Amino acid sequence: MTMIGNLRHRPVRRLTQLFAGLSLYGISMALMIRSGLGLNPWDVFHQGLSQLTGLTMGTVVIAVGVLVLLAWIPLRQRPGLGTLANVVVVGLAVDATLALLPPGGPLAARIALLVCGIVGNGAATALYLGARLGPGPRDGLMTGFVARRPGRSLRLVRTAIEIAVLAVGALLGGTIGIGTIAYALTIGPLAQLFLPIFDVPEPTHPPAPRSEPARAA
């Protein structure tokens, strides 16, 4: 399986942006967890599995990422460096942040954590997508499924998968709340707002010089 994305174009900028984005993604996840006001669908699922298994949230994020990445094989999806880094870095960042942030606190502080978490998540998404080094495992699962079944809508597939993981996560004890709704309503516009700032465009190659017609002997 060949990897997508190459590092010949602006490698320092893109690698820095990739790992900054993935780290911020894990930090923003931890902020939303500590708010106790609701998580996005995949993190409701991760939290439910964490409570069921006794594993840390970050460990569950990594394990689920690996399993989802294995599901790419029959879909013939190609990972990038960003895809592989996503599996590990986000989980490490969320565990490190949770170790530093105590749970609980007044409602005003928890609302501030939620807002910072959602905004940070939008910026983080734009950072790692803008680096153009591969999508996250969960996003690639959705796009890969649609690519194999062209008649399906990406929005419909994404909604179906997220409702499924949200329902399972809720049954396992994951946190659903106002933060879940706020995330669903704002994450798209936030990522769209930040993406033009962080997007690293592909290099444009000058057209090849036209060869002059051969002169008659």
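Note: the structure precedes this text.
Residues numbered from 1 in each chain as written. Predicted model: local features only at pLDDT ≥ 70, side-chain atom pairs only at ≥ 80, totals over all residues. Heavy atoms only, no water.

Q: Explanation requested: unusual backbone geometry in the structure shown.
A: With glycine set apart, most residues show a phi of negative sign, and most peptide bonds adopt trans. For Arg-132, which is not glycine, the phi dihedral falls at a positive 55°. Along the chain, the position of Arg-132 falls in the loop between α6 (107-130) and α7 (137-148). A relative accessible area of 34% means that Arg-132 is categorised as partly exposed. (Helix = DSSP H or I, 4+ residues; strand = E, 2+ residues; numbered from the N terminus. Buried < 20%, exposed > 50% of the residue type's maximum accessible area, 1.4 Å probe, protein only.)

Q: Help me understand the nonpolar core in this model?
A: As a rule of thumb, nonpolar side chains are buried together in soluble globular proteins. Counting 29 residues, the largest nonpolar core has Leu-18, Leu-22, Tyr-25, Met-29 and Val-94 as the members making the most contacts within it. For this core, the elements supplying multiple residues, two or more each, are α1 (11-35), α3 (57-70), α5 (81-100), α6 and α9 (178-198). When residues in this core are grouped by element, the largest group, seven residues, is from α1. Excluding residues within four positions of it along the chain, Tyr-25 makes contact with Val-90, Asn-121, Ala-124, Thr-125, Tyr-128 and Tyr-183. By size, the runner-up hydrophobic cluster in this structure holds 16 residues, among which are Phe-45, Val-64, Val-157 and Ile-161. (Core = buried A, V, L, I, M, F, W, Y, C linked by side-chain atoms within 4.5 Å. Contact = heavy atoms within 4.5 Å.)

Q: How should a positive patch on the surface be read in this particular structure?
A: Positive charge collects at one region of the surface, where Arg-76, Arg-148, Arg-149 and Arg-152 lie side by side. With a relative accessible area of 44%, Arg-152 lands in the partly exposed category. (Patch = residues over 30% accessible without salt bridge, like charges linked within 9 Å, V, L, I, M, F, W, Y side chains within 5 Å. Areas by Shrake-Rupley, 256 points an atom, 1.4 Å probe, with all protein chains shown as cover. Salt bridge = Lys/Arg side-chain N within 4 Å of Asp/Glu carboxyl O. Lys, Arg positive; Asp, Glu negative; His and termini not counted. Charge placed at Lys NZ, Arg CZ, Asp CG, Glu CD.)

Q: Would you mind going over the layout of surface pockets with me for this structure?
A: In this model, the largest pocket occupies a volume close to 1,200 Å³. Asp-139, Met-142, Arg-158, Glu-162 and Tyr-183 are the residues nearest the centre of the largest pocket, which is lined by 42 residues in total. At the level of elements, α1, α2 (41-53), α5, α6, α7, α8 (154-171) and α9 are the ones that each hand at least two residues to the lining of the largest pocket. At nine residues, the largest contribution of residues to the lining of the largest pocket is made by α9. In terms of residue class, the lining of the largest pocket is made up of 23 nonpolar, twelve polar and seven charged. (1 Å grid on protein atoms, 1.4 Å probe; cavity = no way out; pocket = protein on both sides within 12 Å on 5 of 7 lines; lining within 4 Å. Points joined across faces, edges and corners; volume = space filled by probe spheres on them. Nonpolar A, V, L, I, M, F, W, Y, C, P; charged D, E, K, R; others polar.)

Q: Explain the pattern of salt bridges to me, please; I cannot follow it from the model alone.
A: Once the charged atoms of two side chains with opposite charge are near each other, the side chains can pair. Applying the stated criterion to the full structure yields three salt bridges. The closest approach of N and O atoms between Asp-199 and Arg-132, which form a salt bridge, is 3.0 Å. Placement of the pair is Asp-199 in the segment after α9 and Arg-132 in the loop between α6 and α7, with a sequence separation of 67 residues. Taken together, the shared-partner salt bridges in this structure form one network comprising Asp-139, Arg-158 and Glu-162.

Q: Sorry if this is basic, but what is going on with α9 here?
A: Given 3.6 residues per turn, any residue in an α-helix points the same way as the ones three and four places further on. Here α9 contains 21 residues, and its C-alpha end-to-end distance of 29 Å stays within 8% of the 30 Å for a straight helix at 1.5 Å per residue. Along α9, the helix axis deviates most sharply at Thr-186, where the bend reaches about 40°; the proline Pro-189 sits within four residues downstream. Buried within α9 we find Gly-179, Thr-180, Tyr-183, Ile-187, Leu-190, Ala-191 and Phe-194. The inward-facing, buried residues of α9 contact α1, α6 and α8. (Expected span 1.5 Å × (residues − 1). Bend = angle between axes of the 7 residues up to and from the residue.)

Q: Looking at this structure, how should I read the packing of α3 against α5?
A: The description of two helices packed together rests on the angle between their axes and the distance between the axes. Their axes nearest at 7 Å, the elements α3 and α5 cross at an angle of 165°. Between α3 and α5, the crossing angle belongs to the class labelled roughly antiparallel. As α3 runs across α5, the sense of the crossing is right-handed. Across from Met-57, Gly-58, Thr-59, Val-61, Ile-62, Gly-65, Val-66 and Leu-69 in α3, the residues of α5 making contact are Thr-83, Leu-84, Val-87, Val-88, Val-90, Gly-91, Leu-92, Val-94, Asp-95 and Leu-98. Split into classes, the residues belonging to the contact of α3 with α5 amount to twelve nonpolar, five polar and one charged. (Axes fitted to C-alpha atoms, helices over the stretch in contact; angles between N-to-C directions. Parallel < 35°, antiparallel > 145°, perpendicular 65-115°, else oblique. Left-handed = near helix turned anticlockwise from the far one by under 90°.)

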